[in-house]
Structures are given as structure tokens and as C-alpha cells.
Amino acid sequence: MTARYPGYDVLGKRHTPSWNEQTRRVIDRRLAMPREPRFLFEGEWRTLEAVCSRIVPQPNGRAPVPIAAMVDEKLFENRGDGYRDYRLPPMHEAWRRGLAAIDAEARRRHGIGFDALDGAEQDALLQAAQDGRLSGAEWEGMDSALFFAKRLLPDIVMAYYAHPTAWNEIGFGGPASPRGYVRMNFDRRDPWEAAEAAPGSEAEAAGKNARVG
């Protein structure tokens, strides 16, 4: 997707009026996030990393977004969403139970942990979870489809799109603080926003994106 915004790097906004000191601190902390678990146990961590790689496959040629680390940080800091579906247990319990149940199902079906399965086998098992077709004892009554839809999928996807690497792929400028946005109509962009390249206009877009700040 980076080809849609050639030459764009959201971190180029760092020392421009687009970002203030508070924004810079938040971004720096996100970029310096530890790449090892602080909340999850080692087995849970391996399962989560494997799940993340199937939910949001990442391209070669760049450093991957540390999705599992971002989910683990949310759990470590007990940073809730401000709401919870009453049919699910609290966030910590839901994640521990869900990861254990997914891994246990992999071992029943294939004799190895989820992280050791090939991609097709992992996808099939996650599809079964999404469809509500997993109901082993490890789930302890938690509906696998509900866990997938309300916990697994949103936590993973939101973690990915909270990282500057993903912002570059979608042309997002990061927090709109303090500068904000002015040209709010359709097909209008502020000079400090990324320019999307139409076919044949890649060089023009790259020139604009070199000046984004």
C-alpha cells in the first residue's frame, strides 16, 4: 500500500507545526515499545504472534509493526476500552482463555501448537473460531465467535493501525494536534497531508509528499 503514497513518511512531521511535544512523546514511546512480552507467558506470546501474522499479514521489505507487543502492552497496562460486552469475561481473562483454547485445539487436531502450524492450518482454525465452531473445555463457556469478533479482531487491527508504519501505508498524518485540518471537503487535502498517487502521477505525488510536514 505504500505505493499509493510514494515518498511519504509521517515521521517527517516530527519537528513541524503538525505535532507538539506531547504528540512527539506518544509517538516516541510507541516506536520504542519492547518487543518481548511483559504480560503474557511465553507460550501465550508465541500463539498471539502467530495469530497476529494471520489476521494482519505484513509485507516484506520493511520492519513489521510489533502487533503482538502492542496487544501485550495493552494487557500489561490493563488499558481497557471503556466498555465490555457483558457476554465476555474481563479483558485479561478473555485473552488468556482464548489463546489457551486456540492452542489446545491446534494440538488436538494436529498434535502441535498453533504457532507451529502452517498458514493454511492456522487460517482454518481461526475461521472455525470466527464461525463459533470451537467449543473445547479450554473456552470455559466463552463463545469463540464472540471472542473473535469483540476481542481478538479489534485488539489486533487497532494495534496495527496505531503504529506510524501503518500510517504511512494509508496516508494518515497521525494525531491532528495542534495543527488540525482545514480543507474538509471531498477530494481536498491540506499541504501537510499525504498525496495519494493516481496511476501515472507517482512522481508528482512523491514530490508533494517530500514536502509534507
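Residues numbered from 1 in each chain as written. Predicted model: local features only at pLDDT ≥ 70, side-chain atom pairs only at ≥ 80, totals over all residues. Heavy atoms only, no water.

**Overview of a nonpolar patch on the surface**
Here comes step 1: Judged by side-chain polarity, Leu 153, Val 157, Tyr 161, Ile 170, Phe 172, Tyr 181 and Met 184 come together as a nonpolar surface patch covering roughly 590 Å² of accessible area.
Here comes step 2: Relative to the elements of secondary structure, Val 157 occurs in helix 6 (residues 144-160).
Here comes step 3: The class for Val 157 is partly exposed, based on a relative accessible area of 30%. (Patch = residues over 30% accessible without salt bridge, like charges linked within 9 Å, V, L, I, M, F, W, Y side chains within 5 Å. Areas by Shrake-Rupley, 256 points an atom, 1.4 Å probe, with all protein chains shown as cover. Salt bridge = Lys/Arg side-chain N within 4 Å of Asp/Glu carboxyl O. Helix = DSSP H or I, 4+ residues; strand = E, 2+ residues; numbered from the N terminus. Buried < 20%, exposed > 50% of the residue type's maximum accessible area, 1.4 Å probe, protein only.)

**Description of the packing of helix 3 (residues 67-76) against helix 6**
Here comes step 1: Helix 6 packs onto helix 3 with a crossing angle of 115° between their chain directions and a minimal axis gap of 9 Å. The angle between the axes of helix 3 and helix 6 places the two elements in the roughly perpendicular class. Once helix 3 is placed against helix 6, the crossing between them reads as right-handed. Packed against helix 3, whose contacting residues are Ile 67, Met 70, Val 71 and Lys 74, the element helix 6 presents Arg 151, Asp 155, Ile 156, Ala 159 and Tyr 160 at the interface.
Here comes step 2: A per-class count over the contact of helix 3 with helix 6 returns 6 nonpolar, no polar and 3 charged. (Axes fitted to C-alpha atoms, helices over the stretch in contact; angles between N-to-C directions. Parallel < 35°, antiparallel > 145°, perpendicular 65-115°, else oblique. Left-handed = near helix turned anticlockwise from the far one by under 90°. Contact = heavy atoms within 4.5 Å. Nonpolar A, V, L, I, M, F, W, Y, C, P; charged D, E, K, R; others polar.)

**Description of the nonpolar core**
Here comes step 1: Of all hydrophobic cores here, the largest spans 41 residues; its most connected members are Trp 95, Phe 114, Phe 147 and Ile 156.
Here comes step 2: Those elements that provide at least two residues to this core are helix 2 (42-55), helix 3, helix 4 (91-110), helix 5 (119-130) and helix 6.
Here comes step 3: By size, the runner-up hydrophobic cluster in this structure holds 8 residues, among which are Ile 27, Trp 167, Ala 194 and Val 212. (Core = buried A, V, L, I, M, F, W, Y, C linked by side-chain atoms within 4.5 Å.)

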